[in-house]
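Each chain, letter by letter, is given below.
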Amino acid sequence: MNTIFHINESNKWTTLFSNVTHMNKWMQSTATTGTIEVLVNGSAVSDVIKNSDINLSQLTNMGIMVAVCNNSLVQRDIKTDSLQANLQVVPVGVVELAAKQIAGYAYIKP
C-alpha cells in the first residue's frame, strides 16, 4: 500500500506525524508492504530547516521518505544546505504528487 502524505501548512504537523505514525504501525502489524512518503511544499517548507521545532528525523528514522519542493524553497530563499538531514529535494512538489498518484499512491492531506 503506497501512500503519499501532503503538507503545505505549518499548523498541520501534529496531525501529519500522528497519521503517518499510525499508518506505519498498522502496516507493520499487518505485514502490509508499501512505501510511505511525505511531500512538503508551500509555507510548510519553512519548518524543514535545521534547528526547526519540527524534527523530521522522527519520520526518516522510520524509513519514511520526506520530499521537499524546490520551488517552495526558492520562493522563500531557503538553501538546500540549510535543510534537516535525510530529506530529498524534488524539483516541483505538485508534479511529485501527481506522479505518485499516477503510480497508484493513495493521497492523504491532513
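In the block above lies the structure referred to throughout.
A quick note: this is a predicted structure, and the numbers were derived from the prediction, not measured.

**Q** An account of the pairing of strand 3 (residues 65-69) is needed here, citing residue identities and associated values.
**A** Along strand 3, four of the five residues are buried, which leaves the element largely enclosed by surrounding structure. Pairing geometry for strand 2 (residues 36-40) and strand 3, over four bridges, is parallel. Bridge pairing in strand 3 places Val40 opposite Val68. Crossover connection from strand 3 via helix 3 (residues 70-75) to parallel strand 4 (residues 87-90): handedness right-handed.

**Q** Could you give an account of the pattern of salt bridges, with specific residues and numbers?
**A** Two side chains carrying opposite charge are able to pair once their charged atoms lie near each other. Within the structure shown, the criterion is met by four salt bridges. The salt bridge involving Glu9 is made with Lys109; its shortest N-O contact spans 3.3 Å. Of this pair, Glu9 sits in the loop between strand 1 (3-7) and helix 1 (13-29) while Lys109 sits in the segment after strand 5 (106-108); the two residues are 100 residues apart in sequence, bridging distant segments of the chain. The exposure class of Glu9 is partly exposed, given its relative accessible area of 32%. When its relative accessible area of 35% is taken as the criterion, Lys109 is described as partly exposed. The residue Glu37 makes a salt bridge to Lys100 at a minimum N-O spacing of 3.2 Å. Within this pair, whereas Glu37 is found in strand 2, its partner Lys100 is found in helix 4 (residues 93-102), the two being separated by 63 residues in sequence.

About the cut-offs
In every chain, residue numbers begin from 1 and rise along the written sequence. Totals for whole chains, interfaces and linings use all residues, but because this is a predicted model, local features are given only for residues with pLDDT of at least 70 and pairs of side-chain atoms are given and counted only at 80 or more. Processing note: side-chain calculations cover all non-hydrogen atoms of the structure and skip hydrogens and water entirely. Buried, partly exposed and exposed residues are distinguished by accessible area as a fraction of the type maximum, computed with a 1.4 Å probe on protein chains only: under 20%, between the cut-offs, and over 50%, respectively. Helix and strand definitions follow DSSP, with helices as H or I runs of at least four residues and strands as E runs of at least two, each counted in order from the N terminus. The pairing criterion is simple: DSSP has to find at least two bridges between the two strands. For a crossover, the right-handed case is the one in which the path from the first strand over the helix to the second runs clockwise, viewed with the strands pointing away from the viewer. Counted as salt bridges are all cases of a side-chain nitrogen of Lys or Arg within 4 Å of a carboxyl oxygen of Asp or Glu.

Distances and angles like these do not, on their own, reveal function.
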